[in-house]
Amino acid sequence: MISSAITLSHPTGILRGTVLLPASKSESNRAQIINALSGATSTLDNLSEANDTKVITNLLQSTADELNAEDAGTVMRFMTAYLAVTNQHKVITGTPRMLQRPIGILVEALRQLGAQIDYLGQEGYPPLQFKGIDRTKEYPATLQVRGDISSQYISALLMVAPLFPQGLTIELQGKVGSRPYIQMTLSLMKHFGVEGTFAGTTITVPPQKYQSNQYTIESDWSGASYWYSMVALAKEATVELKGLRSTSFQGDSVIATIMEHLGVRTTYVADEVVLTKTDTAEIFSFDFTDCPDLAQTVAVVAAVKNVAVEMTGLESLRIKETDRIAALQQELQKIGGDLEDLGEGLFRVKPATSITNNPVFHTYEDHRMAMALAPVALLTPITIDEPAVVKKSYPRFWQDLEQLGFAITPEEK
Ligand SMILES: O=C(O)C1=C[C@@H](OP(=O)(O)O)[C@@H](O)[C@H](O)C1
Ligand SMILES: C=C(OP(=O)(O)O)C(=O)O
């Protein structure tokens, strides 16, 4: 998909079919870092085709002096810890947006562990220059690390923690966001032979060696969330999503519970879930602290279904691929809706009152804006700018939509 915009519509509004979801980029990128730290002897099956995963695969093999993490937060943060502990002398940079996404908390923690890292631009932000690690330096076995900016800093530190002679204890400070991603990191570490404990706000990883193992990456629950939206907005629907597990490492599997309020029933069978429609469309409140990547999905469906959902825990949305709160407000206003800021962290979805005016949606270099807005096409033809953004996590998204009956027309501008 190279066109700069597409128009998207669905002639019947009826969805029936099977979708082979992409694998989780979060699991793929952790598994690859752990594998690289343990001599690259594990077998990783079903690695994601997400660009974020391709980027980390390439960077882990690269001999270049300057590495480019592009727009991938996990790559920037996980590679930062990896480059530090593997004593490399390289630079890591990224897209202009990546240079606005903070990394100071992670750099500060790694410096305390002996890593020499300089900022090449603004203090606290990439690009970073690595100048090796001083192994002679006494380092503190316990670090205090803020948990309220990005859990990716904690995950990055945890994956390298067993390599330190005393291991590492992390005491999380402040509110902890995206906690299931920290848990996912510990679960994958355990799969590769390293045990850590997470009690209250303290995580301890004793010194240990990773063991090689086989792991099959699960399909991506965040990517699944857009199919939940489509089922919620379709006239009729039965959609099978392949490769999802009822017991998942991914916190975004909570989408199954959230979408019960918005008219989607989930049935777990073998290695897939089946989504069907119900009549439910009820107001509810939900705290997205644990699953920030689902916020856009839910805000759009709720607006279109006229359900004034109350949303909290959206703080981290402002420092993702774009300021996702501002982007949602802009785009929902185009269909008469909004994400109203009620203050003190509370947001309320304002129902979309004019969805049929052929909206042209912008995507703000954010894959999740494109994918969260696409389901609106089940009700009215829409235009999506820069549709190629989906490649960050779900490159086959538009092909999968076509397979389920969406009509997609490129619009050259
Ligand atoms: O660790 C991960 O794989 C991720 C953690 C989350 O980020 P934050 O911890 O910055 O909220 C999430 O938004 C991101 O898409 C993936
Ligand atoms: C926030 C995201 O990714 P990252 O932080 O890894 O760039 C995302 O995929 O929604």
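Residues numbered from 1 in each chain as written. Chains lettered and ligands numbered in written order. Predicted model: local features only at pLDDT ≥ 70, side-chain atom pairs only at ≥ 80, totals over all residues. Heavy atoms only, no water.

> Can you walk me through the overall build of the chain in this structure?
Of regular secondary structure, the chain possesses 12 helices and 22 strands. Rg of the C-alpha trace for the chain: 21 Å, near the compact-globule value of 22 Å for 413 residues, within the 12% margin. For the C-alpha atoms alone, the extent of the chain along its principal axes is close to 65 × 45 × 40 Å. Burial statistics for the chain: of 413 residues in total, 57% are counted as buried. Pairs at least 24 residues apart make up 72% of the contacts formed inside the chain by residues separated by at least 6 positions. Of the accessible surface of the chain, which amounts to about 15700 Å², a share of 48% is contributed by carbon and sulfur atoms. The centroid of the 34 positive side-chain charges in the chain is displaced by 2 Å from the centroid of its 46 negative side-chain charges. (Helix = DSSP H or I, 4+ residues; strand = E, 2+ residues; numbered from the N terminus. Rg over C-alpha atoms; globule rule 2.2 N^0.38 Å. Buried < 20%, exposed > 50% of the residue type's maximum accessible area, 1.4 Å probe, protein only. Contact = heavy atoms within 4.5 Å. Areas by Shrake-Rupley, 256 points an atom, 1.4 Å probe, with all protein chains shown as cover. Lys, Arg positive; Asp, Glu negative; His and termini not counted. Charge placed at Lys NZ, Arg CZ, Asp CG, Glu CD.)

> I'm lost on the site of ligand 2 in this one. Help?
As a structural note, the neighbourhood of ligand 2 is formed by 14 residues, with K25, G73, R101, R368 and K392 the closest of them. One of the backbone N or O atoms of D71 is found 3.5 Å from an oxygen atom in ligand 2. Interatomic distance of 2.6 Å between a side-chain N/O atom of R368 and an oxygen atom of ligand 2. Protein burial of ligand 2: of its 300 Å² of free accessible surface, 98% is covered by the chains. For the shell around ligand 2, the secondary structure elements donating two or more residues are α3 (73–85) and α11 (367–373). No fewer than three residues from each of domain 1 (5–22 + 219–410) and domain 2 (25–208) sit in the shell around ligand 2. (Near = heavy atom within 4 Å. Polar contact = N/O pair within 3.5 Å; in protein donor to acceptor, adjacent residues only side chain to side chain. Domains from an automatic or database assignment.)

> What is the right way to look at the site of ligand 1 in this model?
Taken together, K25, S26, R30, T74, S150, S151, Q152, S178, Y181, P292, D293 and K320 are the residues near ligand 1. Within the side chain of R30, a nitrogen or oxygen atom sits 2.6 Å from an oxygen atom of ligand 1. Relative to its unbound accessible area of 390 Å², ligand 1 is 95% covered by the protein chains. Sort the elements by how many residues they give to the shell around ligand 1 and helix α1 (residues 25–37) lands first, with 3 residues. Along the lines of polarity and charge, the residues of the shell around ligand 1 split into 2 nonpolar, 6 polar and 4 charged. (Nonpolar A, V, L, I, M, F, W, Y, C, P; charged D, E, K, R; others polar.)

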